[in-house]
Every structure is written in C-alpha cells, then in structure tokens.
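# Descriptive structure summary
Here are the chains, one letter per residue:
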Amino acid sequence: MRSSILKKVKRLVVKIGSRVLTDEDHDLNTTIIGGIALQVAAARLAGKEVVIVTSGAIAAGRNTLGIQGRPRTIPEKQAAA
C-alpha cells in the first residue's frame with residue numbers, strides 16, 4: 001500500500017533528527033549523510049521534489065566553532081546553527 005501511495009506523491013518532506021546525522025561523539029556521520037543523499041538523488045530522478053528538515057545544523061556548526069560536546073545554552077546553539 002505504501003508504495004502505491006508514494007507513486008502518486010509529488011513532494012516528499014523528510015524530517016531527519018540530529019541523532020540520525022551524528023555519531024556517538026556528536027560529530028557528523030558522513031556515511032549516513034551520503035546514504036541519505038543517494039536516496040534523495042534517486043527520488044529526484046523519479047521526478048519527486050524532496051524537502052529535508054533537520055536539526056542537524058547545530059551538529060554541523062559545532063566542529064567549525066570548536067565547541068566540545070553538545071551546546072547547552074541558547075546562544076551556543078544559535079551560533080552553531
């Protein structure tokens with residue numbers, strides 16, 4: 001049933017939590033991100049529009065800013081995002 005519904009869908013909205021995108025050290029897991037990118041590419045080739053919503057922006061910015069561990073304060077989270 002799910003596959004028949006997906007055939008009719010034009011736009012997919014996918015919510016990906018930061019736990020999916022990060023490893024146990026809270027660093028971005030490029031293997032997982034690469035797999036997601038391949039799935040999105042396949043959906044695009046099938047004519048689907050794909051929108052990804054994620055809270056992974058904080059995890060992505062954390063390393064750039066040199067923040068150790070998970071940011072706790074709102075300003076740290078905003079800066080990392």
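Summary of the structure given here. Please read all numbers here as calculations on a predicted model, not as lab measurements.

Okay, the pattern of salt bridges next. One pass over the full model with this rule turns up two salt bridges. Notably, a salt bridge pairs R11 with E49, separated by 3.2 Å at the nearest N-O pair. Placement of the pair is R11 in strand 1 (residues 11-16) and E49 in strand 2 (residues 49-54), with a sequence separation of 38 residues. Overall, E49 belongs to the partly exposed group, its relative accessible area being 36%. D27 is the partner of R62 in a salt bridge, and the nearest nitrogen-oxygen pair spans 2.6 Å. With R62 in helix 4 (residues 57-65) and D27 in the loop between helix 2 (18-21) and helix 3 (30-45), this residue pair connects regions lying 35 residues apart in the sequence.

On to helix 4. Listed in full, the buried residues belonging to helix 4 are A59, G61 and R62. On the buried face of helix 4, the contacting elements are helix 5 (74-80). Just downstream of helix 4 lies G66, where phi reads positive at about 75°.

The rules behind these values
- Residues numbered from 1 in each chain as written.
- Predicted model: local features only at pLDDT ≥ 70, side-chain atom pairs only at ≥ 80, totals over all residues.
- Heavy atoms only, no water.
- Salt bridge = Lys/Arg side-chain N within 4 Å of Asp/Glu carboxyl O.
- Helix = DSSP H or I, 4+ residues; strand = E, 2+ residues; numbered from the N terminus.
- Buried < 20%, exposed > 50% of the residue type's maximum accessible area, 1.4 Å probe, protein only.
- Contact = heavy atoms within 4.5 Å.

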